[in-house]
Amino acid sequence: MILDDDQALLVMNASKQVPPFITKSRKESKELFALIEGDDFDDELIERIEFVEGSQKAEARKKYSRDITPFYEKLLRPVDNVYSATGFSKNYNIDDEDKKTELMSKISRIRSGKSLQEWLRTNWMPLYHTDPNGVVFMEYERLPQERCWPTYKNITHIRNYKSRGQMVEWILFEPVKIKIIGGEVELWRLVDDTMDRTYKLEGDKFILLDKFNGSTVTFPHPFGQTPALINSDIEKLKGVHRLSPVYKIVDLSKEYARDQSVKTIYKAQNGFPQEWKYEDQCMTCQGAGKLNGKDCEDCDGHGYHKGKDVTDIKIIATPTGDDIALNPFSGFVTPPLDIWGQYDNELKLQEDTAHETHWGTVLGAKASGLKTATEIVLNIQPMTDRLNIYSDVAEMMEEQLTEWTYNFINPNRPDKEERISSINYGRNYIINPPGVILKQYEDAKIAGDNNVILDRLLNEYYTAKHSNDPAFLRVTLLKSSVEPYTHLSYEQVFTIFGREETQKKVMFEDWWTTLIGKDLSKTAEVLRNEFDIWFKDQIKPIEPEEGGDE
């Protein structure tokens, strides 16, 4: 949206008071940062349980409680699949090779030595969960060198914006106060599709500034659109602010935080077995506690031998007369461990419930008990569907920031809304570790599952095992798609297809070792045809020489 001067002033005046949706978004973000990152955890989340605990116990629980970042770390670990899945593609429809090269150079080191994708993975993705209404905003400068870079603007630093999907029509930042000679000045920054404006507030009036402290502060920017993307794509029904992907389990995680804090206090109060013993009469004062009118130095006036810190031991009077004596004469009183165990069970139940609520499956949270590959694939599907949603928004973020980067390096581009990039993240997610996938694959072969399932499990196994070596992984996947009867043993091939097909499977490895580097760039279909030709040449019958025996 392009604001004229009058419209810009209307936006400024309407935003003198923080809009309700911004206030609500700030409160929600503060709570999410406390839950997911542990920021100000005890102040934000640990409150006295009214009518249940006293103020002293509540204060102790607040002091010794720990945050629940491990809860969210485990819950959100599968999100890493968005950036590690195979099958991605990135295309840039740019005819000018010099501009294309410049674009690739910029997005490969967009910020802090990181590529654009890596910056989004380490910076934006966590903020997608903790600050859904904050924005990623493109900043730039022409001097001392031309460069642009993405920045994160916390919702507390934003006064107002008008959303258009995940993009915005305009954005107004929280005013900043700058000290100057004789006082201070309050500056407001407003950005729309074409202009970056700075105003000074004097009394009740906004005055547009051209320069401030020698720098130009109102100028046309090169991005073609308001260069801000809201962190979250999840819109609240009947509302204007955005939601975190974990919004459905926030209340559950707050309960988890409280229950964990209660368990912590229980452990502190009851976690130490209490020792007890019969009193052991002090031999110096003969149990009187006094010696020459003063407290006995050996027992400090107790009348019995201390031995250890008396605050650690319950001393019981020695039985006399008809008193029933306990045997043995010392021991320990242990706390009721069943309560402790129930706390553990409750916390684990809450973890499993949160995982199943967010991912639609217990897979990854606990042993699923599934027996067949088909069951496993079906159980993975809800998590795959959720990861696809994550990938969709991650693709959109990278694609739009790429478009703005290209607009920056090509400011005279006639149509800045014409798309030049196509970003497609891989969707071959590896949810289980290699050992688990291999066991699933072996079980599926024994069960006689079809090749579609077997192919998928084998590819997942190779991908999980060689994820840190993409070049070797590509060759391995290519080889598995060329090899004949991949999922059958030699004996099975001989029984089903006969001697020649068994030879073909046996001799495949010999042929594969003859390939050179350029062969590995060919498609699986081409390689299969070349192998068939090679094999037929190896087994063709030898023609008898002329004049020889027939």
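Residues numbered from 1 in each chain as written. Predicted model: local features only at pLDDT ≥ 70, side-chain atom pairs only at ≥ 80, totals over all residues. Heavy atoms only, no water.

Undergrad: Quick question: what am I supposed to make of the overall build of the protein here?
TA: The helix and strand inventory of the protein stands at 17 helices and 21 strands. A burial count over the protein gives 41% of its 550 residues as buried. When contacts within the protein are restricted to residue pairs at least 6 apart in sequence, those whose partners lie at least 24 apart make up 65%. Taken as a whole, the protein presents about 31400 Å² of accessible surface, with 51% of it coming from carbon and sulfur. (Helix = DSSP H or I, 4+ residues; strand = E, 2+ residues; numbered from the N terminus. Buried < 20%, exposed > 50% of the residue type's maximum accessible area, 1.4 Å probe, protein only. Contact = heavy atoms within 4.5 Å. Areas by Shrake-Rupley, 256 points an atom, 1.4 Å probe, with all protein chains shown as cover.)

Undergrad: Quick question: what am I supposed to make of the pattern of salt bridges here?
TA: Two side chains that carry opposite charge are able to pair once their charged atoms sit near each other. Inspection of every chain in the model, using the stated rule, returns 30 salt bridges. When the shortest N-O distance is used, the salt bridge between Lys254 and Glu31 registers 3.0 Å. Within this pair, whereas Lys254 is found in helix α9 (residues 250-270), its partner Glu31 is found in helix α2 (residues 20-37), the two being separated by 223 residues in sequence. Residue class for Lys254 comes out partly exposed when judged on its relative accessible area of 31%. In this structure, Lys290 engages Asp295 in a salt bridge whose closest nitrogen and oxygen atoms are separated by 2.8 Å. Here Asp295 falls in the partly exposed class, since its relative accessible area comes to 45%. One network of salt bridges, with partners in common, ties together Glu139, Lys153, Arg189 and Asp196. (Salt bridge = Lys/Arg side-chain N within 4 Å of Asp/Glu carboxyl O.)

Undergrad: Just to check I follow, could you spell out the side chain of Asp193 for this structure?
TA: Structurally, the position occupied by Asp193 is in the loop between β7 (183-191) and β8 (195-202). Comment: no salt bridge for buried Asp193; closest opposite-charge side chain is Arg164, at 4.6 Å. With near-sequence residues (within four places) excluded, Asp193 lies in contact with Met1, Ile2, Val168, Glu169, His221, Gly224, Gln225 and Thr226. (Lys, Arg positive; Asp, Glu negative; His and termini not counted.)

Undergrad: Even after reading the chapter, I still don't get the packing of aromatic side chains, so can you show me in this structure?
TA: Any pair of aromatic rings gets described here by the distance separating the centres and the angle formed by the planes. Under the counting rule described, the total for this entry stands at 23 aromatic pairs. Taken together, a centroid distance of 6.3 Å and an interplanar angle of 40° make the contact between Phe531 and Phe535 tilted. Taken together, the positions of Phe531 and Phe535, both in helix α17 (residues 524-539) and four residues apart, correspond to about one turn of that helix. The exposure class of Phe531 is buried, given its relative accessible area of 2%. Owing to a relative accessible area of 2%, Phe535 belongs among the buried residues under this scheme. Taken together through their ring pairs, the aromatic side chains of Phe508, Trp511, Trp512, Phe531, Trp534 and Phe535 make up a single cluster. (Phe/Tyr/Trp six-rings, centres within 6.5 Å; stacked < 30°, edge-to-face > 60°.)

Undergrad: Could you clarify how one ought to interpret the environment of Leu477 in this entry?
TA: Here Leu477 lies in helix α14 (residues 470-482). For the pair Leu477 and Ala524, spaced 47 residues apart in the sequence, the C-alpha separation amounts to 9.6 Å. Setting aside chain neighbours within four positions, we find Leu477 in contact with Asn459, Tyr462 and Thr463.

Undergrad: How do you make sense of the packing of α14 against α17 when you look at a structure like this?
TA: Describing two packed helices takes the angle between their axes plus the distance from one axis to the other. Closest axis-to-axis distance for the α14/α17 pair is 9 Å, and the angle between their directions is 50°. In this view, α14 runs oblique relative to α17, as classed from their interaxial angle. Where α14 crosses over α17, the two elements pack in a sense that is right-handed. Contacts between α14 and α17 involve Leu478, Ser481 and Val482 on the former and, on the latter, Ala524, Leu527 and Arg528. Taken together, the residues of the contact of α14 with α17 break down into four nonpolar, one polar and one charged. (Axes fitted to C-alpha atoms, helices over the stretch in contact; angles between N-to-C directions. Parallel < 35°, antiparallel > 145°, perpendicular 65-115°, else oblique. Left-handed = near helix turned anticlockwise from the far one by under 90°. Nonpolar A, V, L, I, M, F, W, Y, C, P; charged D, E, K, R; others polar.)

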